[in-house]
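# Residue-level structural notes
Here's the letter readout for the chains.
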Amino acid sequence: MKFLQNYPKEVKIFLIASLINATGSALMWPLVTMYVFDELGRSMSDAGLVILIQSVGGIVGQLLGGSLYHKVGVNRLIVGALGMNALALFTLPAASNNWTLFMVAMGLVGLFNSLSLPAIQAFIGFRFTKQRGELFNVIYVANNIGVALGTALSGFLADISYMLSFVMNGVTSAVFAVFFFVYLKKVGEDSSQEVAEHQKAGPDKQSTWKLMGHTRIYLYMGIASMFLLLGNSIWNTGVSPFIISEGWPKKTYGFLWTLNGILIFAAQPLVTVIKRWFASTSTAQMTVSALFYLGGYAVLLWMPTYSGLVLGMVLATLGEMLISPAMPSFISDHAGRSAPFYLGLSGGMGAVGRVIGPYLMGRLYDSGGLAPTAWLACAMALLSVGFFIVHAYINRRGNSLEQSLG
């Protein structure tokens, strides 16, 4: 990977660690529903309940992670969250004998896994101020390579043991915790300007309610993200059952996500061109991203064929590639040392869409098939475009906003 030659050694090590952690996380999530239904003998409603509990835990984790960054400290928060996530995963084999305990354990997995996310994003923003925009994108690519590897491995591990997948996820989380413990200790001894300024700044003096009063930083972007993630549920609760109902091989659904993973790596030059010509700022990238999602959902609506599904996935993936690094980059650039709070808050708002989306899409699919789910996805993407435009408009003078937060 020649593009990594421009980054210091510590960045390369960080990327490798992130890839390993993402691989471990991806070992588990495709198998939870299968495990609950197949191994535990529970209903699909019970499987959906487990996913809901895990997702709600993730929302709470996002919100807490951003709020506790300065209060607890980056080292304790990241290492502690990853360590507790590993512990929760290791308890799953024992918890599987008790349904209530299993649901609690899955909720804790969602909580602790998400607890570290805004802290890691904020740390990158503070540590690498000059390269953070492109670094967010590189880490996003590395994580998705890990997701592709983990998803591919999960099926093989499931044939051996479902619990082996869960335990391997716990192992990678524990390894990531050890990595951060050593890495952050080294950073603490570093005298670089970025770290010195971050440590000197100390905890943010503003109260939570006062920080929430700066709505232009997070509110419209968070709402737009929520709508976008709600609409994106169409792939799991619209496209997936549509493929089954059409009698197509189930592997054709897996191919769509394989295509997603390939594009995230291979289409980087195209995304670079899009950014250069049409979306040079992070706010513009969010808006263009929502337009790509809208185009993808429109294709699903008007071309309910497999070639339409492929084209829709291509367009939605381009949207994903634009927005994923743009949101943390915007917050890191504009929120100053309050960035961890806003990263957690906007991430939690977006995750709400991921929680309610499957239920709404499922009800619509049961009543009318793919078409009503595609109409809902288009409507959500259109609302997202509108809120991203409002977000860009009110933040056109970013410097004055950053000063008001400082």
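Note that the coordinates shown come from a computational prediction; the quantities given were computed from them, not determined experimentally.

Okay, the overall build of the chain next. Counting secondary structure elements, the chain contains 19 helices and 0 strands. Put simply, the chain has 406 residues, and 52% of those count as buried. A fraction of 82% describes how many contacts in the chain between residues 6 or more apart in sequence connect residues 24 or more apart. Here the chain displays about 18400 Å² of accessible surface, and carbon together with sulfur accounts for 66% of that area.

For an α-helix, 3.6 residues make a turn, and residues three or four places apart therefore share a direction. Among all positions of helix 12 (residues 234–245), only Ile 234, Trp 235, Thr 237, Gly 238, Val 239, Ser 240, Phe 242 and Ile 243 are buried. Following helix 12 by one or two positions, Gly 247 has its phi on the positive side, about 80°.

As a further point, take helix 5 (residues 99–115). Counted at 1.5 Å a residue, the expected span for helix 5 with its 17 residues is 24 Å, and the 24 Å between its end C-alpha atoms agrees. Burial analysis of helix 5 places 12 of its 17 residues in the buried class, the great majority of the element. Sitting at the head of helix 5, Asn 98 places a side-chain oxygen 3.1 Å from the backbone nitrogen of Thr 100.

Counting 96 residues, the largest nonpolar core has Phe 180, Ile 234, Trp 235, Val 239 and Tyr 297 as the members making the most contacts within it. Sorting elements by how many residues they give to this core places helix 16 (residues 306–334) first, with 12 residues.

With that settled, the discussion passes to a nonpolar patch on the surface. A cluster of nonpolar side chains, Leu 49, Leu 52, Val 56, Val 60 and Leu 64, forms an exposed patch at the surface whose accessible area comes to about 350 Å². Along the chain, Leu 52 turns up in helix 3 (residues 44–72). Since its relative accessible area comes to 37%, Leu 52 is described here as partly exposed.

Okay, the packing of helix 15 (residues 282–302) against helix 18 (residues 370–394) next. Where helix 15 meets helix 18, the closest approach of the two axes is 8 Å, and the angle between their N-to-C directions is 165°. If you check the angle between helix 15 and helix 18, you find them roughly antiparallel. Along this stretch, helix 15 crosses helix 18, giving a crossing that reads as left-handed. Class assignment of the residues belonging to the contact of helix 15 with helix 18 gives a composition of 22 nonpolar, 4 polar and no charged.

Time to look at the packing of helix 12 against helix 13 (residues 251–266). Look at helix 12 against helix 13: their axes get within 9 Å of each other, and the N-to-C directions meet at 140°. One way to sum up the angle between helix 12 and helix 13 is to call them oblique. Where helix 12 approaches helix 13, its residues Trp 235, Asn 236, Val 239, Ser 240 and Ile 243 are matched on the opposing element by Thr 252, Tyr 253, Leu 256 and Trp 257. Split by residue class, the contact of helix 12 with helix 13 holds 6 nonpolar, 3 polar and no charged.

For the chain, mean pLDDT is 81; residues scoring 70 or higher make up 85% of the total. For the chain, the element scoring lowest by mean pLDDT is helix 9 (residues 193–201), at 46; helix 15 scores highest, at 96. Counting interchain partners and residues more than four positions distant, the pLDDT-below-50 stretch residues 189–196 has 8 contacts. Low confidence marks residues 198–203, where pLDDT is under 50. Its contacts with residues over four positions away, or in another chain, come to 9 contacts.

We now examine the packing of aromatic side chains. Counting across every chain of the model gives 12 aromatic pairs. Here the aromatic rings of Phe 227 and Phe 387 are separated by 5.8 Å at their centres, their planes lie at 40°, and the arrangement is tilted. Separated by 160 residues along the polypeptide, Phe 227 in helix 11 (residues 215–231) and Phe 387 in helix 18 bring together distant segments of the chain. Judged by relative accessible area, Phe 387 falls into the partly exposed class, the value being 24%. Both rings, one in Trp 248 and one in Tyr 306, keep their centres 5.9 Å apart while their planes meet at 85°; by these two values the pair is edge-to-face. Taken together, the residues span a long stretch of sequence, with Trp 248 in the loop between helix 12 and helix 13 and Tyr 306 in helix 16 at a distance of 58 residues. For Tyr 306, a relative accessible area of 23% corresponds to the partly exposed category. Through a chain of ring-to-ring contacts, the aromatic side chains of Phe 176, Phe 179 and Phe 180 assemble into a single cluster.

What follows is about the side chain of Asn 85. Within the secondary structure, Asn 85 is located in helix 4 (residues 74–95). Of the residues examined, Asn 85 reaches a relative accessible area of 2% and is grouped as buried. If we skip the residues at most four places from it in the chain, Asn 85 touches Val 109, Phe 112, Asn 113 and Ser 173.

On to the environment of Ala 81. Tracing the backbone through its elements, the reader meets Ala 81 in helix 4. When the C-alpha atoms of Ala 81 and Ala 119 are compared, they prove to be 9.9 Å apart, with 38 residues separating the residues in sequence.

Assignment of secondary structure puts His 391 in helix 18. Overall, the relative accessible area of 0% leaves His 391 in the buried class. Not counting residues within four places of it along the chain, the set of residues in contact with His 391 comprises Arg 216, Ile 217, Tyr 220, Met 221, Thr 283, Met 286 and Phe 330.

Attention now moves to the environment of Gly 238. Along the chain, Gly 238 falls in helix 12. Among the residues examined, Gly 238 registers a relative accessible area of 0% and is labelled buried. Taking the C-alpha atoms as reference points, Gly 238 and Pro 358, 120 residues apart in sequence, are found 8.8 Å from one another. When neighbours within four sequence positions are excluded, Gly 238 is seen to be in contact with Ser 233, Tyr 365, Leu 370 and Thr 373.

Parameters at a glance
Residues numbered from 1 in each chain as written. Predicted model: local features only at pLDDT ≥ 70, side-chain atom pairs only at ≥ 80, totals over all residues. Heavy atoms only, no water. Helix = DSSP H or I, 4+ residues; strand = E, 2+ residues; numbered from the N terminus. Buried < 20%, exposed > 50% of the residue type's maximum accessible area, 1.4 Å probe, protein only. Contact = heavy atoms within 4.5 Å. Areas by Shrake-Rupley, 256 points an atom, 1.4 Å probe, with all protein chains shown as cover. Expected span 1.5 Å × (residues − 1). Polar contact = N/O pair within 3.5 Å; in protein donor to acceptor, adjacent residues only side chain to side chain. Core = buried A, V, L, I, M, F, W, Y, C linked by side-chain atoms within 4.5 Å. Patch = residues over 30% accessible without salt bridge, like charges linked within 9 Å, V, L, I, M, F, W, Y side chains within 5 Å. Salt bridge = Lys/Arg side-chain N within 4 Å of Asp/Glu carboxyl O. Axes fitted to C-alpha atoms, helices over the stretch in contact; angles between N-to-C directions. Parallel < 35°, antiparallel > 145°, perpendicular 65-115°, else oblique. Left-handed = near helix turned anticlockwise from the far one by under 90°. Nonpolar A, V, L, I, M, F, W, Y, C, P; charged D, E, K, R; others polar. pLDDT = per-residue confidence, 0-100. Phe/Tyr/Trp six-rings, centres within 6.5 Å; stacked < 30°, edge-to-face > 60°.

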